[in-house]
Amino acid sequence: MARVRLRLCLTGVLLCGAVAACGPVPVDQAEDQCFTPALQARNPLTGTNVGMGSDGLTGELELTVTSDFVQGRDPAEVYKSCVYRKSGQMPRQPLYARPDWRG
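Keep in mind that what you see is a predicted model, and the values were worked out from it rather than measured.

## A short note on the side chain of Gln40
As for its position among the elements, Gln40 is in helix H2 (residues 27–42). Contacts of Gln40, omitting those with residues within four sequence positions, involve Leu45, Thr64, Thr66 and Phe69.

Next comes the structure, spelled out in structure tokens:
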């Protein structure tokens, strides 16, 4: 029997808010932290887990959908505003110019 599990991590949201209140971070650190929200604005992130237990074959699907994706926000704008919010500076290079971006 397969189970579908959607997770909302309120603790993580609260923790991010508490860390952000401590002051700005270096721009390179902000760029690293803001890359994942940009990916999540492009498309939902998924994960799967399949295993064999005493009950037989089991499975799990994890789906992360952000409000940025639902609202259709441009990932580059999500990235830029996130970096600015965290560091107080604009990104050193646009999201679409990053070599690790596969848009």
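## Here's the deal with a nonpolar patch on the surface
A surface patch of nonpolar side chains, about 320 Å² in accessible area, is lined by Leu63, Val65, Phe69 and Val70. Within the element layout of this structure, Val70 appears in helix H3 (residues 67–70).

## Examining the environment of Ser67
Within the element layout of this structure, Ser67 appears in helix H3. For Ser67, a relative accessible area of 47% corresponds to the partly exposed category. Remark: the alpha-carbon pair of Ser67 and Gln40, spanning 27 residues in sequence, is separated by 9.2 Å.

## Details of helix H4 (residues 75–87)
In a regular helix each residue adds 1.5 Å, so 13 residues correspond to 18 Å; H4 covers 18 Å between its end C-alpha atoms and thus fits that length. Looking at H4, one finds that the buried residues are Pro75, Ala76, Val78, Tyr79, Cys82, Val83 and Ser87. Across the axial projection of H4, the buried residues extend over an arc of 160°, all falling on one side. Those residues of H4 that are buried lie in contact with H2 and H3.

## Quick word on the state of the cysteines
Within this structure, the stated rule accounts for 1 disulfide. Between Cys34 and Cys82 runs a disulfide, and the two sulfur atoms are separated by 2.0 Å. Its torsion about the S-S bond being -75°, the disulfide of Cys34 and Cys82 is classed as left-handed. Here Cys82 lies in helix H4 and Cys34 lies in helix H2, a separation of 48 residues in the sequence. Of the two residues, Cys34 and Cys82, neither departs from the other in class, the shared state being buried.

Calculation criteria
Residues numbered from 1 in each chain as written. Predicted model: local features only at pLDDT ≥ 70, side-chain atom pairs only at ≥ 80, totals over all residues. Heavy atoms only, no water. Helix = DSSP H or I, 4+ residues; strand = E, 2+ residues; numbered from the N terminus. Contact = heavy atoms within 4.5 Å. Patch = residues over 30% accessible without salt bridge, like charges linked within 9 Å, V, L, I, M, F, W, Y side chains within 5 Å. Areas by Shrake-Rupley, 256 points an atom, 1.4 Å probe, with all protein chains shown as cover. Salt bridge = Lys/Arg side-chain N within 4 Å of Asp/Glu carboxyl O. Buried < 20%, exposed > 50% of the residue type's maximum accessible area, 1.4 Å probe, protein only. Expected span 1.5 Å × (residues − 1). Arc of directions from axis to C-beta. Disulfide = S-S within 2.5 Å.

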